[in-house]
Amino acid sequence: MILEVNNLSKKYGKLEVLKNISFTINKGEYVAVVGKNGAGKSTLLNILLGLVAADSGEIKIFEKNLENNITFILSKIGIVFQQHTLDFDLTAKKNLLFYADIHGMKRSSSKIKIEKLLKRFELQNFENYRARDLSGGMKRRLEIARALLKDPDFLILDEATSGLDPSARELILNDIKKLTKEDKITVLTITHLENEITDVDRVIKIEKGKII
Ligand SMILES: Nc1ncnc2c1ncn2[C@@H]1O[C@H](COP(=O)(O)OP(=O)(O)OP(=O)(O)O)[C@@H](O)[C@H]1O
Ligand SMILES: [Mg+2]
């Protein structure tokens, strides 16, 4: 089991954002969490990453309790946040190099890996563009490439395709599918776009903080 969530609840003041959520994700699965704006999806993600504390419930990732193993767990998860988290002043390539450096990867190996990832995500001709000058789709692909630098066992994407045109969306959805089918990475994709959810192994629907 990659992820196990048991009876998770979270309130912000009086607002019950998550109500007794339970679900699991198995190794190799491609799972989508779907729900309308404000359903509680990003809050769930923030809790899974230890960024926000739940009020009650239990989370295990890689069979380990989240609270006591957060550093280990985060070292094996790739994350693409809903909001862009690139350094817009750095080039595409330097965004990747910077990330590799702060995660202690050796330059000799990170450089080779970065070349491969830039190519795989069709960014090699834009590697010297500042991140702010990349298109929305390219920014997203760069963030996915960055999330893969550490060879994560588990990749989580929050609204990976929002704000993109249909062809940019399609490219990213194909990239994600390849990651699950060819690279055998366990993927959790979070989205409010129900019609985008094709080819996944399982859909988890959240409505007003509850799984339905
Ligand atoms: N830090 C916070 N303080 C107070 N309320 C919050 C906070 N974070 C989220 N909320 C509220 O919790 C609810 C769920 O928000 P969340 O961001 O988890 O939804 P979401 O499903 O990710 O929505 P979207 O599809 O728009 O990204 C919303 O009503 C939001 O206003
Ligand atoms: Mg969200």
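Here is what the cut-offs are and how they apply
- Residues numbered from 1 in each chain as written.
- Chains lettered and ligands numbered in written order.
- Predicted model: local features only at pLDDT ≥ 70, side-chain atom pairs only at ≥ 80, totals over all residues.
- Heavy atoms only, no water.
- Helix = DSSP H or I, 4+ residues; strand = E, 2+ residues; numbered from the N terminus.
- Expected span 1.5 Å × (residues − 1).
- Buried < 20%, exposed > 50% of the residue type's maximum accessible area, 1.4 Å probe, protein only.
- Pairing = 2+ DSSP bridges.
- Right-handed = clockwise from strand over helix to strand, strands pointing away.
- Phe/Tyr/Trp six-rings, centres within 6.5 Å; stacked < 30°, edge-to-face > 60°.
- Lys NZ or Arg CZ within 6 Å of the ring centre and 35° of its normal.
- Core = buried A, V, L, I, M, F, W, Y, C linked by side-chain atoms within 4.5 Å.
- Domains from an automatic or database assignment.

Q: What is the right way to look at helix α5 (residues 136-148) in this model?
A: Because each turn of an α-helix spans 3.6 residues, side chains separated by three or four positions end up pointing in the same direction. Over its 13 residues, α5 runs 19 Å from end to end, which matches the ideal 18 Å to within 8%, given 1.5 Å per residue. Of all the 13 residues making up α5, twelve are buried; the element is thus mostly covered by neighbouring parts of the structure. The set of residues buried in α5 consists of Gly137, Met138, Lys139, Arg140, Arg141, Leu142, Glu143, Ile144, Ala145, Arg146, Ala147 and Leu148.

Q: Can you walk me through unusual backbone geometry in this structure?
A: One can expect most non-glycine residues to show negative phi and most peptide bonds to be in trans. Despite not being glycine, glutamate 122 shows a phi value in the positive range, around 55 degrees. Inspection of the secondary structure assignment puts glutamate 122 in the loop between α4 (107-120) and α5. At lysine 208, a position not held by glycine, the phi torsion is positive, near 45 degrees. Within the element layout of this structure, lysine 208 appears in the loop between β9 (202-207) and β10 (210-211). Lysine 208 sits in the exposed class, given a relative accessible area of 65%.

Q: Would you explain the pairing of strand β8 (residues 186-191) in this entry?
A: Along any regular strand, the residues point their side chains to alternate faces of the sheet. Within β8, six of the six residues are buried, leaving the element largely enclosed by the surrounding structure. Burial along β8 is two-sided: the residues Thr186, Leu188 and Ile190 and Val187, Thr189 and Thr191 are all buried. Relative to β8, strand β3 (residues 30-34) runs parallel, the two being bridged by five bridges. Opposite alanine 32, over in β8, you have threonine 189 as the bridge partner. Bridge count between strand β7 (residues 154-158) and β8: five bridges; the pairing is parallel. If you follow aspartate 158 over to β8, its bridge partner there is isoleucine 190. Read from β7 through helix α6 (residues 166-181) to β8, the crossover connection turns out right-handed.

Q: Can you walk me through the packing of aromatic side chains in this structure?
A: Within a pair of aromatic rings, the relevant descriptors are the distance that separates the centres and the angle that separates the planes. Summed over all chains, the structure comprises two aromatic pairs. Aromatic side chains phenylalanine 62 and phenylalanine 72 sit 6.4 Å apart centroid to centroid with 80 degrees between the ring planes, which places their arrangement in the edge-to-face category. A residue pair is termed long-range when its members are at least 10 positions apart, and phenylalanine 62 in the loop between β4 (56-61) and β5 (64-65) and phenylalanine 72 in helix α2 (residues 70-75) qualify at ten residues. Its relative accessible area of 36% is what places phenylalanine 72 among the partly exposed residues. Measuring from ring centre to ring centre gives 5.0 Å for phenylalanine 126 and tyrosine 129, while their planes differ by 70 degrees; the resulting arrangement is edge-to-face. Sitting over the face of the ring of phenylalanine 72, lysine 64 holds its NZ or CZ atom 5.1 Å from the ring centroid.

Q: Sorry, what's going on with the nonpolar core here?
A: Generally speaking, a soluble globular protein has its nonpolar side chains buried in company with each other. Formed by 37 residues in total, the largest nonpolar core has its most connected members in Ile144, Leu148, Leu149, Leu155 and Leu157. Among the secondary structure elements, those contributing two or more residues to this core are β3, α3 (92-102), α4, α5, β7 and α6. In terms of residues, this core owes the most to one element, α5, which gives six residues. Domain assignment of the residues forming this core places at least three in each of domain 1 (1-76 + 152-212) and domain 2 (88-149). Core analysis: the second largest hydrophobic core is formed by 31 residues, Phe62, Ile73, Ile190 and Ile204 among them.

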